[in-house]
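Chain by chain, the residues run as shown.
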Amino acid sequence: MSVGTRDKLGLSLDGFCIETTAKQRLRVLTERLLNGEERAETMAEAEFLRQFLETGEFSALRADNPGLDGSHRSEVTITREASGEFAVRVERDYGPAGG
């Protein structure tokens, strides 16, 4: 990973789909930036999530992997491939959400 960019990001899903979880994380990062936290890592993570949210095919992601719909507590990794496309992988599935 070069300075100012990010190629991989982990998220925890628990009761919310991957799209909503990514939006929530981006909101937190944006608040930090607006409050004066201008760390390169925070800015890179926010930009990564913004691009992921703009280009993601979330209906297809949820259809291909029902665990991404928020019904399961899970740890996922989002990776930006060399082509610029994003890939999502479920690293751990802890079972049904909320339980």
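Residues numbered from 1 in each chain as written. Predicted model: local features only at pLDDT ≥ 70, side-chain atom pairs only at ≥ 80, totals over all residues. Heavy atoms only, no water.

## Quick word on the packing of helix H1 (residues 18-34) against helix H2 (residues 40-55)
Next, step 1: Running from N to C, H1 and H2 cross one another at 145°; their axes reach a closest spacing of 9 Å. H1 and H2 meet at a crossing whose hand is left-handed. Contact with H1, carried on its side by Ile 18, Glu 19, Ala 22, Lys 23, Arg 25, Leu 26, Leu 29, Arg 32 and Leu 33, involves Thr 42, Met 43, Glu 45, Ala 46, Leu 49, Arg 50, Phe 52 and Leu 53 of H2 and no other residues of that element.
Next, step 2: Looking at the contact of H1 with H2, its residues break down into 10 nonpolar, 1 polar and 6 charged. (Axes fitted to C-alpha atoms, helices over the stretch in contact; angles between N-to-C directions. Helix = DSSP H or I, 4+ residues; strand = E, 2+ residues; numbered from the N terminus. Left-handed = near helix turned anticlockwise from the far one by under 90°. Contact = heavy atoms within 4.5 Å. Nonpolar A, V, L, I, M, F, W, Y, C, P; charged D, E, K, R; others polar.)

## A few points about the packing of aromatic side chains
Next, step 1: In this structure the tally under the stated criterion is 3 aromatic pairs.
Next, step 2: Considering the side-chain rings of Phe 52 and Phe 58, the 5.2 Å spacing of their centres and the 90° angle between planes classify their relative orientation as edge-to-face. For the pair Phe 52 and Phe 58, one class covers both residues: buried.
Next, step 3: Relative to Phe 86, the ring of Phe 52 lies with its centre 5.5 Å away and its plane at 70°, an arrangement referred to as edge-to-face. In this pair, Phe 52 is assigned in helix H2 and Phe 86 in strand E3 (residues 86-96), connecting sequence segments 34 residues apart.
Next, step 4: On the basis of relative accessibility, which here comes to 1%, the residue Phe 52 falls in the buried class.
Next, step 5: Each residue in the set Phe 48, Phe 52, Phe 58 and Phe 86 is aromatic and connected to the rest through ring pairs, giving one cluster. (Phe/Tyr/Trp six-rings, centres within 6.5 Å; stacked < 30°, edge-to-face > 60°. Buried < 20%, exposed > 50% of the residue type's maximum accessible area, 1.4 Å probe, protein only.)

## What about the confidence of the model for the chain?
Where the model shows low pLDDT, its predicted coordinates should not be examined in detail.
Next, step 1: Overall, the predicted model of the chain reaches an average pLDDT of 89, with 94% of residues at or above 70.
Next, step 2: Summarising per-element confidence for the chain, the mean pLDDT is lowest in helix H3 (residues 58-64) (91) and highest in H1 (96). (pLDDT = per-residue confidence, 0-100.)

## Concerning H2
Next, step 1: Its 16 residues place the ends of H2 23 Å apart at the C-alpha level, agreeing with the 22 Å of an ideal helix rising 1.5 Å per residue.
Next, step 2: Where H2 is concerned, the buried positions are Thr 42, Ala 44, Glu 45, Ala 46, Phe 48, Leu 49, Phe 52 and Leu 53.
Next, step 3: Those residues of H2 that are buried are in contact with strand E1 (8-13), H1, H3, strand E2 (72-80) and E3. (Expected span 1.5 Å × (residues − 1).)

## Focus on the nonpolar core
Next, step 1: Counting 17 residues, the largest nonpolar core has Ile 18 and Phe 52 as its most contacted members.
Next, step 2: At the level of elements, E1, H1, H2, H3 and E2 are the ones that each hand at least two residues to this core.
Next, step 3: When residues in this core are grouped by element, the largest group, 5 residues, is from H2.
Next, step 4: Those residues in contact with Ile 18 that lie beyond four places of it in its chain are Leu 13, Phe 52, Phe 58, Leu 61, Leu 68, Val 76, Ile 78 and Val 88. (Core = buried A, V, L, I, M, F, W, Y, C linked by side-chain atoms within 4.5 Å.)

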